[in-house]
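# Examination of the molecular architecture
So you can see what is in the structure, the chains are spelled out below.
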Amino acid sequence: MSHQTICVLGSGTMGHGIGQVFAAASFPVVIYDINEQVLQLAKTRIHTNLKLMVEENYISEIEIDRIESNLTYSTDLIHAVSGASLIIEAVPEIIELKKELYEKLEFIIGENTIVASNTSTYSIERLAEGVSFADRMLVVHFFNPAHLVRLVEVVPSKQTKAEVIEQVIEFLSACGKNAVRLQKDIPGFIANRLQAAVVREAMYLLEQGIADARAIDSVIADGPGMRWAFDGPIQIADFGGLDIWEKVTGNLFPELDARTTAPSSISEKVQSNKLGAKSGEGFYQYDREEVTLAAKERDRKLIKLLAIKETE
Ligand SMILES: NC(=O)c1ccc[n+]([C@@H]2O[C@H](COP(=O)([O-])OP(=O)(O)OC[C@H]3O[C@@H](n4cnc5c(N)ncnc54)[C@H](O)[C@@H]3O)[C@@H](O)[C@H]2O)c1
């Protein structure tokens, strides 16, 4: 797939960062969106991301021009996909919208073009159902912010050709990503399932008054989170000793929250329109400026962490 053009469909939260990843790896990228204003915003967001990388000495100033010169933006679908060897679909998580877009693609993409969805929740089997290019389709699930988080989960369907899976994994690896292939499709893939398990217990601890939100968050950030940047839970169990972990899991599992519905602590906030940072209040209070600054500081730390991980 080298020397080919990448097309990203949808230039929102995920699409702009995904486009940046490929452009940074020297591939020509066309970012497509139905909304011209969002496309302009994507361009600005990429520029801001790159400036921060320069500030952190992760890239040099001249890299900005090089990376930006690999990017073009379009509201013309036919133009955007023409000549693309890989299309990444990152439109909103609405199945009808995604399927409608695949129907359009059937008539306008090349016979070898690979189509990957960045869906967070839909199964690849469902997305690929009835699609004529199903054997060239798979999920590639990036993590936000896509330009800084190394993980990409790769989920093929039963129909996806082996060479398509291989090419995509090789390509993502060449772009600096850790492409992790799932052997079977499962809702939430791996990362979101593990994350949801932690959130369930965090909400339980909050609801039971064991500690406040800030304390619970700091326990993760300054405790397990520090290790999780380098070791996963399975290796941590190995290092701790499996006899110990047999006791830990055997004693604690009956004590852990096991609910199968969304936590009431979250639902109550949603009902009173406290949606978190985007509405100014969730479990914490925010003002607009503070949110922008916090996101920038988070990215700054992620750039530092990425640089450390790249030396591993
Ligand atoms: N936000 C996250 O943290 C995250 C993480 C991983 C995966 N995802 C998944 O990535 C996908 C995109 O999510 P997002 O958060 O970037 O959404 P978003 O709403 O920020 O961006 C979606 C973009 O798609 C555009 N769009 C809408 N209809 C379109 C169409 N027919 N053709 C082209 N563009 C169209 C919108 O104008 C918007 O710019 C979803 O499937 C989501 O589940 C999101």
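What this report covers is the structure whose coordinates are included nearby. (Residues numbered from 1 in each chain as written. Predicted model: local features only at pLDDT ≥ 70, side-chain atom pairs only at ≥ 80, totals over all residues. Heavy atoms only, no water.)

Examined against the element boundaries, Gly 17 turns out to sit in helix α1 (residues 15-24). When residues no more than four places from it in sequence are discounted, the contact partners of Gly 17 are Ala 146 and His 147. (Helix = DSSP H or I, 4+ residues; strand = E, 2+ residues; numbered from the N terminus. Contact = heavy atoms within 4.5 Å.)

Here we have eight strands laid out as an open sheet, ordered β3-β2-β1-β4-β5-β6-β7-β8, and mixed in their pairing. Each edge of the open sheet is held by one strand with a lone partner, namely β3 (71-74) and β8 (178-181). Ignoring which end each strand starts from, the neighbouring axes of this sheet average 25 degrees apart. Summarising the sheet, strand β7 (residues 151-156) and β8 pair through four bridges and their orientation is parallel. Across the sheet, Val 154 pairs through a bridge with Arg 181, a residue of β8. Sitting on the sheet, helix α2 (residues 36-55) is in contact with β2 (29-32) and β3, with an inclination near 160 degrees to β3. (Pairing = 2+ DSSP bridges. Axes fitted to C-alpha atoms, helices over the stretch in contact; angles between N-to-C directions.)

Of note, Glu 89 is situated in strand β4 (residues 84-89). With a relative accessible area of 0%, Glu 89 lands in the buried category. Engagement of the side chain of Glu 89 in a polar contact is seen with the side chain of Lys 98, the distance being 2.6 Å. Polar contacts involving the side chain of Glu 89 include one to the side chain of Tyr 102, which spans 2.6 Å. Sequence-distant contacts of Glu 89, that is, excluding residues within four places in its chain, are made with Leu 9, Lys 98, Leu 101, Tyr 102, Ala 116, Ser 117 and Asn 118. (Buried < 20%, exposed > 50% of the residue type's maximum accessible area, 1.4 Å probe, protein only. Polar contact = N/O pair within 3.5 Å; in protein donor to acceptor, adjacent residues only side chain to side chain.)

Another point: the site of the ligand. Taken together, 21 residues are adjacent to the ligand, and Met 14, Asp 33, Glu 93, Lys 98 and Ser 120 come closest. At a separation of 2.9 Å, an oxygen atom of the ligand approaches a polar side-chain atom of Asn 118. Contact with the protein chains covers 78% of the free accessible surface of the ligand, which is 830 Å². Residue assignment for the shell around the ligand shows that the elements contributing at least two residues are α5 (95-108) and β6 (137-142). Class assignment of the residues belonging to the shell around the ligand gives a composition of nine nonpolar, nine polar and three charged. (Near = heavy atom within 4 Å. Areas by Shrake-Rupley, 256 points an atom, 1.4 Å probe, with all protein chains shown as cover. Nonpolar A, V, L, I, M, F, W, Y, C, P; charged D, E, K, R; others polar.)

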